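Each chain is listed here by its residues.
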Amino acid sequence: MNRDQAHALMLEHTPSVSLQRHMLNVEAAMRWYARHWHEDEETYAVTGLLHDFDYEQHPQEHPAWGVAYLREHTDTAPEILDAIMGHATYTGVPRETRLARTLFAVDELTGLVQAAALIRPDREVRGVELSSLKKRFRNRAFAAGVNRDEVTQGAAELGVDLDQHLDNVLRALQEAAGSPEAPESVKGS
């Protein structure tokens, strides 16, 4: 499974533009961390793109349905499948690899960054400042669907200071938005 195949599969199973945007944002954050740690960027990208591909059509069975589909119909690496299962705390699957811990750590946080961008007049992630993101993180009424406890837990599991993790993910999405090949859904966050 490569990035292009994962992207096509994500689009095929996910009609919602907002959920597609979320997965592209998670991909961008995963890529950033892969580069940061000198890990395989393609593996991290595929994991980010596929982690929620089944959510819209199979919410009650997510992510187990998606992982079963990937096992049966693709050659997706087992470490990616384990990371996808581990990003949902209710599965009880432990996050034993850096890949799995990274997916868990960035998943919810990308939603907060996206929400912070969408309330700006220009709706651009490039204009979001870290101080503003930290303020929004502390305000649990803002983007109330973002699980702050999981963001905090994710940073701890990665061994990254929470403020640094907020900055890393913000920079990842800003860099992705500034890239000429970035899809419009990432550019406008």
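Residues numbered from 1 in each chain as written. Predicted model: local features only at pLDDT ≥ 70, side-chain atom pairs only at ≥ 80, totals over all residues. Heavy atoms only, no water.

(A) Structural context of the environment of His-58. When you line up the elements, His-58 lands in the loop between helix H3 (41-50) and helix H4 (64-73). Measuring from C-alpha to C-alpha, the distance between His-58 and Ala-156 comes to 30 Å, with 98 residues separating the pair along the chain. (Helix = DSSP H or I, 4+ residues; strand = E, 2+ residues; numbered from the N terminus.)

(B) Focus on the confidence of the model for the chain. Predicted confidence across the chain gives a mean pLDDT of 94, with 95% of residues reaching 70 or more. Below pLDDT 50 for its whole length, residues 183-187 participates in 12 contacts with residues either more than four positions away or in separate chains. (pLDDT = per-residue confidence, 0-100. Contact = heavy atoms within 4.5 Å.)

(C) Quick look at the environment of Arg-136. In this structure, Arg-136 sits in helix H7 (residues 130-138). With a relative accessible area of 24%, Arg-136 lands in the partly exposed category. Spatially, the C-alpha atom of Arg-136 lies 16 Å from that of Arg-126, the residues being 10 residues apart in sequence. Setting aside its immediate chain neighbours within four residues, Arg-136 contacts Leu-112, Ile-119, Phe-142 and Arg-148. (Buried < 20%, exposed > 50% of the residue type's maximum accessible area, 1.4 Å probe, protein only.)

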